[in-house]
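Okay, here's what each chain looks like letter by letter:
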Amino acid sequence: VEYDFEIPDEIELSHLEDLATRVDVIPPSLIMAQAANESAWGTSRFARLGNNLFGMRTYDPGTGIVPKRRPRGATWEVAAYDSVSEGIGAYIQTLNTNKAYLQLRLIRRELQRKKKPISGSALAGGLLRYSEKGHEYISLVRSMISSNRLSKYDE
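Residues numbered from 1 in each chain as written. Predicted model: local features only at pLDDT ≥ 70, side-chain atom pairs only at ≥ 80, totals over all residues. Heavy atoms only, no water.

Time to look at the nonpolar core. Inside soluble globular proteins, nonpolar side chains tend to come together where they are buried. In this structure, L30, F54, Y91, L95, L104, L127 and Y130 are the most contacted members of the largest nonpolar core, which totals 31 residues. Of all the secondary structure elements, the ones that give two or more residues to this core are α2 (28-38), α4 (84-97), α5 (102-113) and α7 (135-147). When near neighbours in sequence (up to four residues on either side) are disregarded, L95 contacts I26, L30, Q34, Y101, L104, R105, L127 and Y130. (Core = buried A, V, L, I, M, F, W, Y, C linked by side-chain atoms within 4.5 Å. Buried < 20%, exposed > 50% of the residue type's maximum accessible area, 1.4 Å probe, protein only. Helix = DSSP H or I, 4+ residues; strand = E, 2+ residues; numbered from the N terminus. Contact = heavy atoms within 4.5 Å.)

Moving on, we come to α2. Looking only at α2, the buried set comprises S29, L30, I31, A33, Q34, A35 and A36. The secondary structure elements touched by the buried residues of α2 are α4, α5, α6 (120-123) and α7. With its phi angle positive at about 50°, A40 sits one or two positions after the end of α2.

Next up on the list: the pattern of salt bridges. Taken as a whole, this structure holds three salt bridges when the rule is applied. Between R108 and D24 there is a salt bridge, with the nearest N and O atoms lying 3.7 Å from each other. Within this pair, whereas R108 is found in helix α5, its partner D24 is found in the loop between α1 (13-22) and α2, the two being separated by 84 residues in sequence. Classification of R108 by relative accessible area gives buried; the value is 1%. Given a relative accessible area of 23%, D24 falls into the partly exposed group. (Salt bridge = Lys/Arg side-chain N within 4 Å of Asp/Glu carboxyl O.)

Interpretation note: all reported values are geometric properties and have no functional meaning in isolation.
Structure below.
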């Protein structure tokens, strides 16, 4: 259940392929670029108080941090974690399971099929729904990877 995958009574190759797309690598360059961007280089209130470097939300009232500029009527909070490691794990699980990031997983699968390196810059193309900024956000993440020479950590 952790990776949103029900184990069928009879396992077929397609089931294993589906599971493999949900339990796979997220390149370090992508993790670092998004963490730096979403947490203002670790200085945001959510990073400092909730170990949340990625702006991950929770919809369970009282379990996170209420944003000061949350839209009126909204009930979501920014998730709080016991450690940075726990926050990173939640982020990786979200990218690997949430339907909003299916495109990221398909990009990764295609790179693997073609035996090409899995890069943060390539997978950033699957983050269209991560931010309201859409394509601008993808460009920003790719720019951060490039300007900070983060791709070297993917090797």
